Amino acid sequence: AHTPRVFSGIKPSGGLTLGNYLGAIKRFVATQGQGMETIYCVVDLHAITVWQDPADLTNATREVAAGYLASGLDPAQSILFNQSQVSAHAELGWILNCVARLGWMNRMTQFKEKAGKNAEKQSLGLYAYPSLMAADILLYHATHVPVGEDQKQHVELTRDIAAKFNHDYKVPEFFPLPEPVIEGPATRVMNLRDGTKKMSKSGESDMERINMTDDADTIAKKFKKARTDPEPLPETYDELSERPEARNLVDIFAALSDTKPEEVLADYAGAGWGQFKPALAELAVSKLAPISVEMARMMNDPAEIDNILGKGADRAMEIATPILHRTYDIVGM
Ligand code: ADP
Ligand code: NA
């Protein structure tokens, strides 16, 4: 059996959102100190699958790292690093490109959503992205991958790739089949203007997302303008099943306050949006403001962030290099 080990990452492709915080970072922090090795990456090789201005990429890489640190990830307890500094990711990624099947990649819904009608105009990297993600995870023999709901299919693909490698090369135990860990009330935070889409850093309008660095007035304004329905909050969570925008705001409230949506409704049943939205904004500000203040402080000292990422890369390489060499050996290289 493989030692339990946690791996996950975030793309530096724009500012961090409340979706990244609740669906990923906050849950990364919760894994620390639970007896498992924890490895959190800034996945810049994934970011460039769509165009990134070079200076913006450098800045966004530091911002994701600052978001990790300011939220409570501790370099003494977790390995924090930037993907492109550990070349083993790209190397294993190539080998796994030769294991993954085109038919499997063609089933990836995120590519279809991102490419839309313009699949022919997308980079080859965007298409191959899930097999590089498999390499990110398998390079550390990670067993647990905390992610938002949108990444579930990619972790399942990682299991398929691992199983095929183990089978084809007759090394049944070599790569563990990692488990997606998708927990809590905010595994899919929705766009504030369109409750059918997820909140994303690459969305079109700034009003559709809360950024981790938004100030108090901006957060209040965005929640105030968030699309809802005219009904007050119901008594039971089931009654929100056909009300995606309302359910999203209740889920966000629950995740921010570390409770369950049912408990939020126990407090707010019968309340209108004029009451609930300001309470939600106040709660969000109370949780995010200290983090964004700390992020801003860190962003004034980029050398310190780079230093932490550099040390993290060295520690990541200590785990990754022997696994990569063993993989080459298995393949006959
Ligand atoms: P984005 O989709 O914002 O570009 P990434 O693709 O870098 O973010 O995802 C980083 C992590 O954040 C993943 O685990 C992803 O599932 C999670 N995540 C992103 N958006 C959301 C969201 N709206 N709700 C919950 N989790 C999310
Ligand atoms: Na995503």
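Preceding this section is the structure that the text describes.
Below you will find a few notes about this structure. (Residues numbered from 1 in each chain as written. Chains lettered and ligands numbered in written order. Predicted model: local features only at pLDDT ≥ 70, side-chain atom pairs only at ≥ 80, totals over all residues.)

## Quick notes on the overall build of the chain
Working step 1: A count of helices and strands for the chain gives 13 helices and five strands.
Working step 2: Taking 2.2 N^0.38 as the reference for a compact globule, 333 residues should give roughly 20 Å; the C-alpha atoms of the chain span a radius of gyration of 20 Å, in line with that estimate.
Working step 3: With respect to the principal axes defined by its C-alpha atoms, the chain has extents near 65 × 45 × 40 Å.
Working step 4: Every one of the 333 residues in the chain was classed for burial, and the buried ones make up 42%.
Working step 5: Pairs at least 24 residues apart make up 79% of the contacts formed inside the chain by residues separated by at least 6 positions. (Helix = DSSP H or I, 4+ residues; strand = E, 2+ residues; numbered from the N terminus. Rg over C-alpha atoms; globule rule 2.2 N^0.38 Å. Buried ≥ 20, exposed ≤ 12 C-beta atoms within 10 Å, placed from the backbone. Contact = placed C-beta atoms within 7 Å.)

## Here's the deal with the pairing of strand S1 (residues 5–10)
Walk down a regular strand and you will see the side chains alternate between the two sheet faces.
Working step 1: With five of six residues buried, S1 is to be regarded as a mostly interior element.
Working step 2: One ladder, built from six bridges, connects S1 with strand S2 (residues 37–42); its direction is parallel. Paired with Arg5 across the two strands is Glu37, which belongs to S2.
Working step 3: Note that the unit made of S1, helix H1 (residues 18–31) and S2 has a crossover that is right-handed. (Pairing = 2+ DSSP bridges. Right-handed = clockwise from strand over helix to strand, strands pointing away.)

## Things to note about the site of ligand 1
Working step 1: Around ligand 1, the structure places 21 residues, and the nearest of them are Lys11, Gly19, Gly23, Val147 and Gly148.
Working step 2: Of the residues contributing to the shell around ligand 1, the split by class is six nonpolar, ten polar and five charged. (Near = placed C-beta within 6 Å. Nonpolar A, V, L, I, M, F, W, Y, C, P; charged D, E, K, R; others polar.)

## Here we look at the environment of Gly93
Working step 1: Mapped onto the secondary structure, Gly93 falls in helix H4 (residues 88–97).
Working step 2: Here the alpha-carbon distance between Gly93 and Asp136, two residues 43 residues apart in the chain, equals 7.8 Å.
Working step 3: Ignoring anything within four residues of it in the chain, the contact list for Gly93 reads Ser131, Leu132 and Ala135.

## A short note on helix H10 (residues 244–256)
Working step 1: Taking 1.5 Å as the rise per residue, H10 with 13 residues should run 18 Å; its terminal C-alpha atoms sit 18 Å apart, in good agreement.
Working step 2: Within H10, eleven of the 13 residues are buried, which leaves the element mostly enclosed by the surrounding structure.
Working step 3: Packing partners of the buried residues in H10 comprise H1, helix H11 (261–268) and helix H12 (273–299).
Working step 4: Just downstream of H10 lies Asp258, where phi reads positive at about 55 degrees. (Expected span 1.5 Å × (residues − 1).)

## Let's talk about the nonpolar core
Working step 1: Ile39, Ala65 and Ile252 are the most contacted members of the largest nonpolar core, which has 87 residues in total.
Working step 2: Residues from two domains meet in this core; each of domain 1 (5–181 + 301–331) and domain 2 (206–297) gives at least three.
Working step 3: Contacts of Ile252, omitting those with residues within four sequence positions, involve Leu18, Leu22, Ala186, Val189 and Leu280. (Core = buried A, V, L, I, M, F, W, Y, C linked by C-beta atoms within 7 Å. Domains from an automatic or database assignment.)

## Focus: the packing of helix H3 (residues 54–71) against helix H13 (residues 302–331)
Working step 1: Relative orientation of the contacting elements H3 and H13 amounts to 75 degrees, with a least axis distance of 10 Å. Comparing their axes, H13 and H3 come out roughly perpendicular. On H13, the residues touching Arg62, Ala65 and Ala66 of H3 are Pro302, Ile305, Ile308 and Leu309.
Working step 2: For the contact of H3 with H13, the class distribution of residues is six nonpolar, no polar and one charged. (Axes fitted to C-alpha atoms, helices over the stretch in contact; angles between N-to-C directions. Parallel < 35°, antiparallel > 145°, perpendicular 65-115°, else oblique.)

## Comments concerning the environment of Ser286
Working step 1: Inspection of the secondary structure puts Ser286 in helix H12.
Working step 2: Classification of Ser286 by C-beta neighbours within 10 Å gives exposed; the count is 12.
Working step 3: Counting along the chain gives 217 residues from Ser286 to Leu69, while the straight-line C-alpha distance between them is 18 Å.

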